[in-house]
Amino acid sequence: HKWMHTRIASQNGIQTRQQQQQQQHSVSSTPFALTSQQPLAHQYSMEDRSTKRAHRSSDGSANNTDSKNQAFSAVIDNHLHLLHPNNGDGKILRSYYHISVNDVLNLPPIPSDEEYLLRLANSGTNHNSNYNNNYNNNNNNNNTIPLYDQAALQAARFAELSLGALANNQAPLALELSNASVMCLRNCIEEPGHELCLYDIARAYLLLGIFRSYRGDVVRYFKYRRVCMSHVARLRGVPHVDALVAAISFHDSWAYMIHNASEENIPDIDDVLPRPGGCGTGNATGPGSHSADIAGYDTNKNWIQGAPSIFLDNAAPAINRSLDALACAVRSCCDQANLQVEEMARQVGMDMPGSNSCAGGTATAQAVMANENELCSRNIVQSAQSLLNQHAGTSTAKTEKHGVRLMVLSMEAFLDGGDEDNTGGFTDKQVKNLLKVCEIILKNPHLLHAPGPLYHMVSNVAILLCHLLNGMHANCSASAGSSSESGGGVEGVLFDEVMDSFMAVRKLLNLHRKCLPVRLRCHGIPKPNVGPFRKTMSPEAPFVDLGETLMCASRGCQGFVLMGCSPCVAAERAMSAAKAHARDGDNLDEDEFQRELGDLGDDFNLDDDTLFNILSRIVQN
């Protein structure tokens, strides 16, 4: 009997291993199904997870080397096959990353192992004696990348895949890949490495920070950003540093907008991760300063602000200058929105929660006032448009930058003064830009997962379409009794086109909004007052009642909903929206994203915190 049981168990084990090997080497027949679908928590045995937790508590001490290696290999090796250039599932995730994230950021590709070995051979290894020892000990074969360098490259690659998985609505897989990137960084954090790795390490920290910002994890986002900036400060003379700084600046404009340019509401992380120093308290303001210097300025410790350094550098690539110009325009508009809201509150004697008394004196506002002709919002957006067209005509522009084009068209529509004599108070160019934005986002819906304020731009475009529909509907209702041709002609065709675009974009935004943490959601847009179940039959009722809008927490976004409102009504609605977001910020009952991750997210958070603890210890020592 013992022999029979042993034989049956052996046969079952062989079948199980064969099935696992077939699953690992099989390529999915559809682009939406990945071979590694089960959350990492379900793939681990209880022994693996206990070992992983034991390693977290060790903080990487020498007494736990075996458990450290075991925990790292269990996390990284589980998804290592996705990094292979010929792996079908990895190609899918990288494609999602490129069409959603890198379409906007325009970061250079991560070098392959062969390309990195060639760069390493051409650069030599004499810059660091510790690195030379590490290189000689771990690289007896000239075709092998040193361990530190390999971990750095893998960290950047896993970070890209995690954002690609998130864009494909695979949140558990995205979290596992993000955790693998963290483990790779912990593998190389205390070992000397070549300076060629610094750029990809900074890239990995930036992408991990962006991933955390998508989850609404503000504290860890600012920590990852701080570490990224500390690496940027060491990238003097490194190619493509302009692209990295422009990408940071663009996503910083989102944080600037979400926090209403108030640094008082930002978590203080200086005790854990001191800011990169050594560059004074000013701000880089043009071609005379190096891009890496931006990381050391005190004004940029939470977000890049002031004059757009990359935009003002004529030697920087056109697409990077365009992205930095748009970031400056967003910051400038946020400053103006804050001033308007606070002025309305003062007029009615209200004390706005989260009021920023220094909004008019921010570094960006001062830079714009000092160089208004070049840096005012309307002019700098036109410059961004010109730079984008210039980039499109270069040999390096292999694909059209739909995300940057969408940003330019949105900002042009927002900054257009309008025409009170025209239909709905909008100019023809403004209407054309609004419809073009809708066309781009409907053809490229993954851009809603792009970094920066792009999702908020699309939401505000939808709000402007509501105002346009309300204006056209009111004009049609007013002329219905005096003209038998009302509802037809050019205005009727335009109304139908705007209506179709609005309904399609509204559906897309609602689907995306449900996948976001509550605190990151932009407007909840009401549906039109049509159909047998509409709330009111009054002909004077607006076509879309914007009074029912669930407004975004950003004052810059609230201004689009409150267009045409009296100062008293606008201040009251802004205050109620601020209180509602403060009340619902910690309510996770409706947070579909957090509900899907569950304990898996909490389990992986410990790995991030351990990484920050190691970084803090290194900085303090």
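Residues numbered from 1 in each chain as written. Predicted model: local features only at pLDDT ≥ 70, side-chain atom pairs only at ≥ 80, totals over all residues. Heavy atoms only, no water.

(A) Fine view of the overall build of the chain. Secondary structure summary: the chain contains 25 helices and 0 strands in total. Relative to its full complement of 621 residues, the chain shows a buried share of 54%. Considering only contacts within the chain whose residues lie at least 6 apart along the sequence, 76% involve residues at least 24 apart. Entry remark: accessible area of the chain is about 28100 Å², with carbon and sulfur atoms responsible for 49%. (Helix = DSSP H or I, 4+ residues; strand = E, 2+ residues; numbered from the N terminus. Buried < 20%, exposed > 50% of the residue type's maximum accessible area, 1.4 Å probe, protein only. Contact = heavy atoms within 4.5 Å. Areas by Shrake-Rupley, 256 points an atom, 1.4 Å probe, with all protein chains shown as cover.)

(B) Structural context of the confidence of the model for the chain. Residues of the chain with pLDDT of at least 70 account for 69%, and the chain-wide mean is 77. Contacts for the low-pLDDT stretch residues 135-140, under 50 throughout, to residues beyond four places or in other chains number 7 contacts. (pLDDT = per-residue confidence, 0-100.)

(C) Region of the structure containing helix α12 (residues 241-258). For α12, with 18 residues, the first-to-last C-alpha span of 26 Å sits near the 26 Å given by 1.5 Å per residue. The element α12 is extensively covered by neighbouring structure, given that 18 of its 18 residues are classed as buried. Positive phi appears at Asn260, one or two residues downstream of α12, with a value of about 55°. (Expected span 1.5 Å × (residues − 1).)

(D) Looking closely at the packing of aromatic side chains. Applying the stated criterion to the full structure yields 6 aromatic pairs. Ring geometry for Tyr221 and Trp254: centres 6.1 Å apart, planes at 85°, overall edge-to-face. With a gap of 33 residues between them, Tyr221 in helix α11 (residues 218-232) and Trp254 in helix α12 connect regions that are remote in the sequence. Both rings, one in Tyr256 and one in Trp303, keep their centres 5.2 Å apart while their planes meet at 70°; by these two values the pair is edge-to-face. Of this pair, Tyr256 sits in helix α12 while Trp303 sits in the loop between α12 and α13 (309-312), placing them 47 residues apart in sequence. In this structure an aromatic cluster arises from ring pairing among Tyr221, Phe222 and Trp254. (Phe/Tyr/Trp six-rings, centres within 6.5 Å; stacked < 30°, edge-to-face > 60°.)

(E) Representation of the pattern of salt bridges within the structure. Applying the stated rule across the entire model yields 13 salt bridges. With its nearest N and O atoms 2.8 Å apart, the salt bridge here joins Arg225 to Asp252. With a gap of 27 residues between them, Arg225 in helix α11 and Asp252 in helix α12 connect regions that are remote in the sequence. As far as burial versus exposure is concerned, Arg225 and Asp252 are alike and both buried. (Salt bridge = Lys/Arg side-chain N within 4 Å of Asp/Glu carboxyl O.)

(F) Structural view of helix α8 (residues 147-167). Along its 21 residues, α8 runs 30 Å from first to last C-alpha, staying within 8% of the 30 Å computed at 1.5 Å per residue. With 20 of 21 residues buried, α8 lies mostly within the body of the structure. Backbone geometry just downstream of α8 places Asn169 in the positive-phi region, at approximately 60°.

(G) Expanded view of the packing of helix α18 (residues 402-415) against helix α19 (residues 428-443). It is at 9 Å that the axes of α18 and α19 come closest, and there the two elements cross at 150°. One element, α18, and the other, α19, form an angle in the roughly antiparallel class. Remark: the crossing between α18 and α19 carries left-handed chirality. Residues His402, Arg405, Leu406, Leu409, Ser410, Glu412 and Ala413 of α18 form the contact with α19, whose own contacting residues are Lys429, Gln430, Asn433, Leu434, Lys436, Val437, Ile440 and Ile441. Here the contact of α18 with α19 is built from residues that sort into 7 nonpolar, 4 polar and 4 charged. (Axes fitted to C-alpha atoms, helices over the stretch in contact; angles between N-to-C directions. Parallel < 35°, antiparallel > 145°, perpendicular 65-115°, else oblique. Left-handed = near helix turned anticlockwise from the far one by under 90°. Nonpolar A, V, L, I, M, F, W, Y, C, P; charged D, E, K, R; others polar.)

(H) Spatial organisation of the environment of Leu387. Tracing the backbone shows Leu387 in helix α17 (residues 377-392). On the basis of relative accessibility, which here comes to 7%, the residue Leu387 falls in the buried class. Between the alpha carbons of Leu387 and Leu323 there is a distance of 9.2 Å; along the sequence they are 64 residues apart. Residues in contact with Leu387, not counting those within four places in the same chain, are Phe311, Ala318, Arg321 and Ser322.

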